[in-house]
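Each chain, letter by letter, is given below.
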Amino acid sequence: TAIEQDQNRLEECEQNNALLTLIGLEQELHTTEEIQGLDFPVRFYGFADRIDRIGNAIFILDYKTGYIEPKELKVADVASIFEIPDNTKAFQVLFYAWVYAKKAGVPKEGLTAGIFSTRSPSNKFMSLSINSNTSITLEVLEVFQERLFKMIQELFDATIPFAQRLTTIKDT
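This structure is a prediction, so every number in the text was calculated from the model and none was measured.

A. Examining the overall build of the protein more closely. Within the protein, the regular secondary structure consists of 4 helices and 7 strands. The linear arrangement of helices and strands in the protein, starting from the amino end, is α-β-β-β-β-α-α-β-β-β-α.

Here you go:
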């Protein structure tokens, strides 16, 4: 359960002499950005289920009631998040990290985003892993923003036809 997950995290922090601070629950994250080629600003927003600080590192958590496998949060690079339709969960938590960092910056101690699944056997926090690295860096967020803006530019480009996905995105 979510309560057991929280208890395990608190025990882990206690063992490591790290202070866990709850930053927010159902935290609205938003930013408004100017995107080249568009004559209007674009507002991005979402709700992170939970944001914690452990020591000086930030953790952005999303709770899922469905079964999640850790492999759903392991990607080779940022580009694959945009190119592979099954990477929706990786996209979601990296999006939350990007929007969070727009307002608060990237702490030098680290920014981590991931999922707690109430139905997964491990019942543990599963971190987004990009090329086996779970710390989200400023460089990763810059590449994410570049790809995100490109995707939006293409959506509003009347010369680029919409294409049907070959696979469907599963409900989360």
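B. Region of interest: helix H3 (residues 88-104). Along its 17 residues, H3 runs 24 Å from first to last C-alpha, staying within 8% of the 24 Å computed at 1.5 Å per residue. Of all 17 residues in H3, 12 are buried; the element is thus mostly enclosed. Among the residues of H3, those classed as buried are Lys89, Ala90, Gln92, Val93, Leu94, Phe95, Tyr96, Ala97, Trp98, Val99, Tyr100 and Ala101. In the segment just after H3, Gly105 is the residue with positive phi, at about 85 degrees.

C. How the structure looks around the packing of H3 against helix H4 (residues 138-155). Running from N to C, H3 and H4 cross one another at 105 degrees; their axes reach a closest spacing of 10 Å. With respect to each other, H3 and H4 are oriented roughly perpendicular. Residues Phe91, Leu94, Phe95, Ala97, Trp98, Ala101 and Lys102 of H3 lie in contact with H4, whose contacting residues are Val140, Leu141, Phe144, Gln145, Leu148 and Phe149. Residue classes in the contact of H3 with H4 are distributed as 11 nonpolar, 1 polar and 1 charged.

Analysis parameters
- Residues numbered from 1 in each chain as written.
- Predicted model: local features only at pLDDT ≥ 70, side-chain atom pairs only at ≥ 80, totals over all residues.
- Heavy atoms only, no water.
- Helix = DSSP H or I, 4+ residues; strand = E, 2+ residues; numbered from the N terminus.
- Expected span 1.5 Å × (residues − 1).
- Buried < 20%, exposed > 50% of the residue type's maximum accessible area, 1.4 Å probe, protein only.
- Axes fitted to C-alpha atoms, helices over the stretch in contact; angles between N-to-C directions.
- Parallel < 35°, antiparallel > 145°, perpendicular 65-115°, else oblique.
- Contact = heavy atoms within 4.5 Å.
- Nonpolar A, V, L, I, M, F, W, Y, C, P; charged D, E, K, R; others polar.

Geometry only, nothing functional implied.
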